[in-house]
Each structure stands twice: as structure tokens, then as C-alpha cells.
Amino acid sequence: SAYPLLYLATGFLTWRAIRDASPPALIAFLILAGATSTTVLFGTPWVPSALLVAAIGAVVLLPALLAQREDAHPRLTRAARSIAALAVAGVLLAAAAESFDLANVYALI
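Residues numbered from 1 in each chain as written. Predicted model: local features only at pLDDT ≥ 70, side-chain atom pairs only at ≥ 80, totals over all residues. Heavy atoms only, no water.

A. Summary view of the nonpolar core. One finds A17, A21, A25, L26, V60, L61, A64, A67, A80, A84 and A87 forming the largest nonpolar core, which totals 11 residues. Looking at this core, the elements with two or more residues in it are α2 (23-36), α4 (50-67) and α5 (74-99). With four residues, the single largest contributor to this core is α4. Contact partners of A25, with chain neighbours within four places excluded, come to L13, R16 and A17. (Core = buried A, V, L, I, M, F, W, Y, C linked by side-chain atoms within 4.5 Å. Buried < 20%, exposed > 50% of the residue type's maximum accessible area, 1.4 Å probe, protein only. Helix = DSSP H or I, 4+ residues; strand = E, 2+ residues; numbered from the N terminus. Contact = heavy atoms within 4.5 Å.)

And the structure:
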């Protein structure tokens, strides 16, 4: 079965997104997990404006991008990790809320 390997890869991606504030890992996490966990919280079909998506992306990714520089201040690196952790926590809370309401999610499929 591929599920254990998929869960392991997802956990590794999430860990990299928080520990390293890795922009590619954050982008992948926000796109894959974030897009699928907003169904219950915001209704279906929820189509956010491009400006909102860009603003959320900038708030999460800009500190991570700046922290990747070699001369980045340690405070910036900690801030980028904290923002990444908050983004991951928000997506995980949304996913948990969605999992408690799977009957409605399955009705949408």
C-alpha cells in the first residue's frame, strides 16, 4: 500500500516547511494541504480572490525567502519559522474541522 509512504512524505514536507522555513516546501504544503482543507470552513465552491491568495502567499513566503539569504539575521529566521508554523497550524486546524464533517464533504463529491 502506498498510503504509509504518502503519509511519511507529507510529514517530511511539513517538517521541512517549519524547520527550515523552506519556500518550496511551504508552497507545496499551502497548495496541496491548504486548498483541500478549506472546503468546510469557507463553503463550497469557495473561490477566493487572486488578491487574497497573493496576500496570504506573500505573508507566509516573503519571510521564508528572506531567511534563505546567507546574511539573514537569526531573528528573521525565527520569524520565518514561526510564520511557517502558524500557517501549518492553520491548515491542520482547517483539515481537522473538515474531517469532523466528512458526511457533507462526501455529499459534495
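From this point on, the discussion continues.
B. Spotlight on the packing of aromatic side chains. One pass over the full model with this rule turns up one aromatic pair. Between F12 and W15, the ring centres sit 5.8 Å apart and the planes meet at 40°, which makes this aromatic pair tilted. With F12 and W15 both in helix α1 (residues 3-19) and three residues apart, the pair spans about one turn of that helix. Here F12 falls in the partly exposed class, since its relative accessible area comes to 47%. (Phe/Tyr/Trp six-rings, centres within 6.5 Å; stacked < 30°, edge-to-face > 60°.)

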